[in-house]
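The primary structure of each chain is shown beneath.
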Amino acid sequence: MLTTLQTAYTDTRAGDLAWCLGKDALPALAVLDVEVGDARGPRAQVELRLLGASHQVLVDAGRGGGCSETVACMPGNQASLPFGVARRVGSWDYEFAARIETLSVGSFAGRAQELLALVADHPNGLAGTFPGDPHAFTAMLAQYSEGSVRWRTWHAYPQEGRLVTTRTRVSALPPRAS
């Protein structure tokens, strides 16, 4: 799903993004609820939330606990975006990776068009563009693979020529032996 976000483009630096786990649902400009999983196996509810030039993903697989990831410019948060995180979150094994690319103007425009086309046509994809610049966007794509819920996000900062890409995997931990 592709939407134009009805807000000013204010999160204007890739370096201002921060990462947080466990945050409650924040006000969103666009939301997409998807269900992912195997046809005969476990299913998970995933809520993709666009918060402007940032994102939030909420996952619930009915195990009595969920997982919440937020990547945003959060007031008062001095922590920068980590390049990698691996930890246990309740009944989940969580892995996160991020990278920041700097691209030329022409490369940036081509990559932006490619990513928006990929996400806009995907049933588990959500992308929002900002008024005034077709290459200013946030995009998210969720899927289920090898027993894990996975999502990728892209945060575009055309005025800097920078693209922030994140990749996350969460999987249920096996039950403890009695």
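Conventions we followed
- Residues numbered from 1 in each chain as written.
- Predicted model: local features only at pLDDT ≥ 70, side-chain atom pairs only at ≥ 80, totals over all residues.
- Heavy atoms only, no water.
- Pairing = 2+ DSSP bridges.
- Helix = DSSP H or I, 4+ residues; strand = E, 2+ residues; numbered from the N terminus.
- Axes fitted to C-alpha atoms, helices over the stretch in contact; angles between N-to-C directions.
- Salt bridge = Lys/Arg side-chain N within 4 Å of Asp/Glu carboxyl O.
- Buried < 20%, exposed > 50% of the residue type's maximum accessible area, 1.4 Å probe, protein only.
- Contact = heavy atoms within 4.5 Å.

(A) A look at the sheet that holds strand β10 (residues 133–145). Taken in spatial order, the seven strands of this open sheet run β1-β9-β10-β11-β12-β8-β7, and their pairing is mixed. The open sheet has two edge strands with one neighbour each: β1 (2–4) and β7 (84–89). Shown here is a sheet whose adjacent strand axes are inclined to one another by a mean of 15°, direction ignored.

(B) Representation of the pattern of salt bridges within the structure. In the structure shown here, the tally under the stated rule is eight salt bridges. Between R13 and E160 there is a salt bridge, and its shortest N-O distance comes to 3.9 Å. Pair noted here: R13 is in the loop between β1 and β2 (18–21) and E160 is in the loop between β11 (148–157) and β12 (162–172), with a separation of 147 residues, a long-range link. Overall, E160 belongs to the partly exposed group, its relative accessible area being 26%. Note that R111 is salt-bridged to E114, the shortest N-O span being 2.6 Å. Separated by three residues within a single helix, R111 and E114 lie in helix α1 (residues 105–120), roughly one turn from each other.

(C) Layout of the sheet that holds strand β4 (residues 43–50). Spatially, the five strands line up as an open sheet ordered β2-β6-β5-β4-β3, and their pairing is antiparallel. Two strands bound the open sheet, and with one partner strand each, they are β2 and β3 (30–37). Across this sheet, the average inter-strand angle for adjacent strands is 15°, counted without regard to direction. In the sheet, strand β5 (residues 55–60) pairs with strand β6 (residues 66–72) via six bridges, with the strands oriented antiparallel. If you follow Q56 over to β6, its bridge partner there is T70.

(D) Layout of the side chain of R49. Positionally, R49 belongs in strand β4. Relative accessible area serves as the criterion here: at 10%, R49 is assigned to the buried category. Beyond its immediate chain neighbours, meaning those up to four positions away, R49 contacts A25, L26, P27, A28, A30, V31, S54, H55, Q56, L58 and M140.

(E) Representation of the environment of G125 within the structure. Checked against the element boundaries, G125 lands in strand β9 (residues 125–130). Judged by relative accessible area, which is 0%, G125 ranks as buried. Between the C-alpha atom of G125 and that of R152, which follows or precedes it by 27 residues, the distance is 9.6 Å. Beyond its immediate stretch of four places on either side in the chain, G125 contacts M1, L32, V119, M140 and L141.

(F) Broad picture of the environment of L50. Tracing the backbone shows L50 in strand β4. Remark: the alpha-carbon pair of L50 and P27, spanning 23 residues in sequence, is separated by 8.9 Å. Here L50 is in contact with L5, A28, L29, A30, L126, A127, G128, T138 and M140, once residues within four sequence places are set aside.

(G) The environment of R88, seen in detail. Looking at where R88 falls in the secondary structure, it is placed in strand β7. For R88, a relative accessible area of 55% gives the class exposed.

(H) Region of the structure containing the pairing of β5. Relative to β5, β4 runs antiparallel, the two sharing six bridges. Within β5, the residue paired with V46 across the bridge is V59. Between β4 and β5, which pair antiparallel one after the other, the connecting turn spans four residues, and G52 there sits at a positive phi close to 90°.

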